[in-house]
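Architecture at a glance
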Amino acid sequence: MERRSALFLGAAAALAACGPAPAPAPLGADGRPLPQVYPIQPGDESAISYRMLDGLNALRQTKGLQAVAFNAQLIAACATHARDMAVQNRPWHFGSDGSSPLVRVQRVGYGGKLLGELISETYQTELETLADWAERSDTRAVLLDPRATDFGFAWYQETGGKLWWAAQVGAAV
């Protein structure tokens with residue numbers, strides 16, 4: 001009887017594996033998968049922000065570095081810049097008024113030292129964006145700066161789903 005049960009279960013597992021294959025992701029003209037919209041709903045803001053902070057601190061912990069904490073002034077500077085990049089329709093570190101990251105943190109009253117700014121124009125999630133930043137040596141150096149104590153993070157999502165992410169890392173003085 002046990003042998004018959006084993007054969008039955010094996011056949012059932014084989015049939016279950018024969019289900020319909022998942023639909024392939026649509027491809028663009030370059031042959032790469034088209035971006036999928038990451039819809040951010042009202043009320044998701046806190047969860048997204050803390051996933052980014054927790055992800056960054058986990059990365060820092062693997063390198064033996066102290067955790068960073070959110071800083072309201074850096075968050076405000078990031079929010080302004082994320083929206084401004086969308087208005088300009090280009091990811092770069094200068095505001096439409098010519099402001100630099102240093103000027104933006106001064107405007108919001110940040111009293112620490114700005115160590116760096118990270119930006120991204122994408123359809124990716126916050127953790128995919130963090131992973132991309134962590135892969136590049138220049139942006140990884142900002143994330144893993146041993147002097148860092150403060151973190152600002154914000155985004156702007158266009159109606160079509162494109163996300164403009166901005167992060168700033170600072171050190172209290």
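The helix and strand tally for the protein chain stands at six helices and four strands. Along the chain direction, N to C, the helices and strands of the protein chain fall in the order α-α-β-α-α-β-α-α-β-β. Across the 173 residues that make up the protein chain, the buried fraction comes to 36%. Restricting to contacts in the protein chain with at least 6 residues of sequence separation, those with at least 24 account for 66%. When the accessible area of the protein chain is evaluated, it comes to approximately 10200 Å², of which 58% is carbon and sulfur surface.

The topology assignment puts Lys-162 in the loop between β3 (150–157) and β4 (163–171). At a separation of 2.8 Å, a polar atom in the side chain of Lys-162 contacts the side chain of Glu-121. Filtering out sequence-adjacent residues up to four positions away, Lys-162 remains in contact with Asn-89, Glu-121, Thr-122, Tyr-123, Tyr-156 and Gln-157.

What follows concerns the packing of aromatic side chains. Going through the model one piece at a time under the given rule, you end up with seven aromatic pairs. Between Phe-151 and Phe-153, the aromatic rings sit 6.3 Å apart at their centres with planes inclined by 10 degrees, giving stacked as the arrangement. Overall, the relative accessible area of 0% leaves Phe-151 in the buried class.

Quick look at the packing of helix α2 (residues 45–62) against helix α5 (residues 126–135) now. Look at α2 against α5: their axes get within 9 Å of each other, and the N-to-C directions meet at 30 degrees. Relative to α5, α2 is oriented roughly parallel. α2 and α5 meet at a crossing whose hand is right-handed. Judged by residue contacts, Ile-48, Arg-51, Met-52, Gly-55, Leu-56 and Leu-59 of α2 engage Glu-126, Leu-127, Leu-130, Trp-133 and Ala-134 from α5. Along the lines of polarity and charge, the residues of the contact of α2 with α5 split into eight nonpolar, one polar and two charged.

Another point: the sheet that holds strand β1 (residues 69–70). A sheet is described by the order of its strands in space; here four strands give the open sequence β1-β3-β4-β2, paired in mixed fashion. Looking at which strands have only one partner, the edges of the open sheet turn out to be β1 and β2 (113–122). Bridging between β3 and β4 involves eight bridges; their strand directions are antiparallel. Pairing of Phe-151 across the sheet is with Val-169, part of β4. Packed on one face of the sheet, α2 meets β1, β3 and β4 and runs near 135 degrees to β3. Along the sheet face, helix α3 (residues 72–88) touches β1, β2, β3 and β4 and points at about 30 degrees away from the line of β3.

Glancing now at the nonpolar core. Ranked by size, the top nonpolar core spans 24 residues in total, and within it Leu-143, Phe-151, Phe-153 and Trp-165 carry the most contacts. Those elements that place two or more of their residues in this core are α2, β2, α5, α6 (137–143), β3 and β4. Discounting chain neighbours no more than four positions away, the residues touching Leu-143 are Leu-56, Leu-59, Arg-60, Leu-118, Leu-130, Trp-133 and Ala-134. Listed in part, the eight residues of the second largest apolar core include Cys-78, Met-85, Ala-154 and Trp-164.

Cut-offs applied
Residues numbered from 1 in each chain as written. Predicted model: local features only at pLDDT ≥ 70, side-chain atom pairs only at ≥ 80, totals over all residues. Heavy atoms only, no water. Helix = DSSP H or I, 4+ residues; strand = E, 2+ residues; numbered from the N terminus. Buried < 20%, exposed > 50% of the residue type's maximum accessible area, 1.4 Å probe, protein only. Contact = heavy atoms within 4.5 Å. Areas by Shrake-Rupley, 256 points an atom, 1.4 Å probe, with all protein chains shown as cover. Polar contact = N/O pair within 3.5 Å; in protein donor to acceptor, adjacent residues only side chain to side chain. Phe/Tyr/Trp six-rings, centres within 6.5 Å; stacked < 30°, edge-to-face > 60°. Axes fitted to C-alpha atoms, helices over the stretch in contact; angles between N-to-C directions. Parallel < 35°, antiparallel > 145°, perpendicular 65-115°, else oblique. Left-handed = near helix turned anticlockwise from the far one by under 90°. Nonpolar A, V, L, I, M, F, W, Y, C, P; charged D, E, K, R; others polar. Pairing = 2+ DSSP bridges. Core = buried A, V, L, I, M, F, W, Y, C linked by side-chain atoms within 4.5 Å.

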